Amino acid sequence: MQLLESLFKLKEHGTTVRTEVIAGFTTFLTMAYIILVNPLILSSTGMDLNAVFVATCLAAALGTAIMGLVANYPIALAPGMGLNAYFTFSVVKGMGLSWETALGAVFISGLVFLAVSLFKVREAIVNAIPQSLKFAISAGVGMFLAIIALKNAGVIAAHPATYLTLGNIHSPTTLLAIFGFFLIVALEYRKVPGSIIIGILVVTVLSIALGLSPFKGVVSPIPSMAPTFMQMDIQGALHAGLIGVIFVFFFVDLFDTTGTLVGVSHRAGLLDKDGKLPRLKRALMADSIAITAGAMMGTSSTTAYVESAAGTAVGGRTGLTAVVVALLFLAALWLSPLAATVPAYATAPALCYVAVLMARGLAEIEWNDLTESAPAVMTALAMPFTFSIADGIAFGFISYAVIKILAGRFADLKPAVLVIAALWVFKLAFFA
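For the protein, an unreviewed UniProt entry supplies the name Guanine permease and the organism Chromobacterium sphagni. The Sequence similarities (unreviewed entry) comment attached to the protein in UniProt states, word for word, "Belongs to the nucleobase:cation symporter-2 (NCS2) (TC 2.A.40) family. Azg-like subfamily."

This is how it looks when you write it as structure tokens:
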């Protein structure tokens, strides 16, 4: 007990071991869906599902443990939703690259993260980006997830004339997916811990009971990670055409993690009197290391999870909460058959619900200022309709810079925005 007190300063933060443990379990339950969803998304690239499952658990455990032990924050990390979709549907399937090359891009982005975190460049970049684009990127990634989820659920389908149309809503699997979404939202409204994972498991159980999918078990020995371990193709990722891919991995995770850190810490009362995060550099190092290590093990970028707010809501205030979450991710390593049992349409409701959460950013946009709202809308809409997070970010920065210039609002443009917009113009012009 003395060791825990010296490591986490429990009394100073007004908390106890019991409270921190409960907070850790609460956070884990709200984000445990990632151990089922992430392998399913990445395995569609050809990656071994069981190996990705192990990599997901280990990357989450590593990043969360560092966040708890080194930075002493009650914030958990895991492979990010949106980033795994970009990895799979934009980079591998969209660009026709191998998953090994995509992992190489993730690895390099992790090294870049490490460098900018060490030299405080990260905070400077975040502070320079317009708030409207930060909110729009979050909402756009949510919409991107939604269109993937609706397709996996069978709610929407391709159409030669209208591009998209209503799918076969009479299909039992589609109806189960729709029910799963309703269930998750209702449980979340009632503040039931673990609502997302409950929704996924209920749909999976009903699917098995109706004979729509096979049951592959719950517990087994830990699978081998050999099919994905150290398989990243760094040389292939350094090809000039992948500069934009590395940039997007870096850029999306930059805002995701930083925004989550600040948002969750604010709600937990962990910011200092100036509204800044103490030990920020240590916190930023946690996800930088986790991204790099995760790529080596075989998963897409790791990021801080906003679901950590569930743990702080029940009293989690120190890194002990994060350490509990890390231990639970390690315990989950024996659940690989369960991950293989879950069908894609059972995880679709979870993706739709995450999309709802991410769309909240649209409410924060300054709608009365067209020079702010128009680029934001372009950003958010471009992501799902071009089926590319990268293109959405490009549209956002380019339109923001051009509109501000044409409107005579030069003072609103920071040098970093102009540089990023110019880089995207260059990328689209020569490496589209």
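There's plenty left to go through after this.
A. Focus on the pattern of salt bridges. Counted according to the given criterion, the structure contains four salt bridges. For Asp369, the salt bridge is made with Arg409, and the minimal N-O distance between the two is 2.8 Å. Within this pair, whereas Asp369 is found in the loop between α17 (344-358) and α18 (370-385), its partner Arg409 is found in the loop between α19 (389-406) and α20 (415-431), the two being separated by 40 residues in sequence. The salt bridge partner of Lys404 is Glu372, with a shortest N-O separation of 2.9 Å. Taken together, the positions of Lys404 in helix α19 and Glu372 in helix α18 put the pair 32 residues apart, joining distant regions of the chain. Both residues of the pair, Lys404 and Glu372, belong to the buried class. One salt-bridge network, held together by shared partners, links Asp369, Glu372, Lys404, Arg409 and Asp412.

B. Quick peek at the pairing of strand β3 (residues 163-166). Across four bridges, strand β2 (residues 156-159) lies against β3 in antiparallel orientation. Paired with Ala158 across the bridge in β3 is Leu164. Between the end of β2 and the start of β3, which pair antiparallel, lie three residues.

C. Expanded view of the packing of helix α6 (residues 99-118) against helix α13 (residues 280-297). Put simply, α6 and α13 touch, their axes get as near as 8 Å, and they point 160° apart. Taken together, the axes of α6 and α13 lie roughly antiparallel to each other. When you trace α6 past α13, the crossing you get is left-handed. Of the residues in α13, those touching α6 at Leu103, Val106, Phe107, Ser109, Gly110, Leu111, Phe113, Leu114, Ser117 and Leu118 are Lys281, Leu284, Met285, Asp287, Ser288, Ile289, Ile291, Thr292, Ala295 and Met296.

D. Geometry of helix α3 (residues 34-43). With nine of ten residues buried, α3 is to be regarded as a mostly interior element. What α3 keeps buried is the set Ile34, Ile35, Leu36, Val37, Asn38, Pro39, Leu40, Ile41 and Leu42.

E. Spatial organisation of the packing of aromatic side chains. Within the structure shown, the criterion is met by four aromatic pairs. Ring centres 5.2 Å apart and planes at 75° place the aromatic pair Tyr86 and Phe249 in the edge-to-face group. One end of the pair, Tyr86, is in helix α5 (residues 83-95); the other, Phe249, is in helix α12 (residues 243-267), and 163 residues separate them in sequence. Accessibility expressed as a relative area gives 3% for Tyr86, which makes it buried. The class for Phe249 is buried, based on a relative accessible area of 0%. Residues Phe87 and Phe249 carry aromatic rings whose centres are separated by 6.4 Å and whose planes lie at 50° to one another, so their mutual orientation is tilted. Taken together, the residues span a long stretch of sequence, with Phe87 in helix α5 and Phe249 in helix α12 at a distance of 162 residues. Phe249 matches Phe87 in its accessibility class, with the two residues each being buried. By the ring-pair criterion, three or more aromatic residues cluster together here, those being Tyr86, Phe87 and Phe249.

F. Layout of a nonpolar patch on the surface. Together, Phe215, Val218, Val219, Ile222 and Trp334 give the surface a local cluster of nonpolar side chains, amounting to about 480 Å² of exposed area. By secondary structure assignment, the location of Phe215 is in the loop between α10 (195-209) and α11 (234-237). By relative accessible area, which is 52% here, Phe215 ends up exposed.

G. The packing of α3 against α5, seen in detail. Taken N-terminus to C-terminus, the directions of α3 and α5 make an angle of 15°; their axes are 9 Å apart at the nearest point. Judged on the interaxial angle alone, α5 and α3 are roughly parallel. Crossing hand, α3 versus α5: left-handed. Residues Ile34, Asn38, Ile41 and Leu42 of α3 pack against Asn84, Ala85, Phe87, Thr88 and Phe89 of α5. Of the residues in the contact of α3 with α5, the class split is six nonpolar, three polar and no charged.

How each quantity is defined
- Residues numbered from 1 in each chain as written.
- Predicted model: local features only at pLDDT ≥ 70, side-chain atom pairs only at ≥ 80, totals over all residues.
- Heavy atoms only, no water.
- UniProt positions renumbered as here; feature names shortened; annotations may be inferred.
- Salt bridge = Lys/Arg side-chain N within 4 Å of Asp/Glu carboxyl O.
- Helix = DSSP H or I, 4+ residues; strand = E, 2+ residues; numbered from the N terminus.
- Buried < 20%, exposed > 50% of the residue type's maximum accessible area, 1.4 Å probe, protein only.
- Pairing = 2+ DSSP bridges.
- Axes fitted to C-alpha atoms, helices over the stretch in contact; angles between N-to-C directions.
- Parallel < 35°, antiparallel > 145°, perpendicular 65-115°, else oblique.
- Left-handed = near helix turned anticlockwise from the far one by under 90°.
- Contact = heavy atoms within 4.5 Å.
- Phe/Tyr/Trp six-rings, centres within 6.5 Å; stacked < 30°, edge-to-face > 60°.
- Patch = residues over 30% accessible without salt bridge, like charges linked within 9 Å, V, L, I, M, F, W, Y side chains within 5 Å.
- Areas by Shrake-Rupley, 256 points an atom, 1.4 Å probe, with all protein chains shown as cover.
- Nonpolar A, V, L, I, M, F, W, Y, C, P; charged D, E, K, R; others polar.

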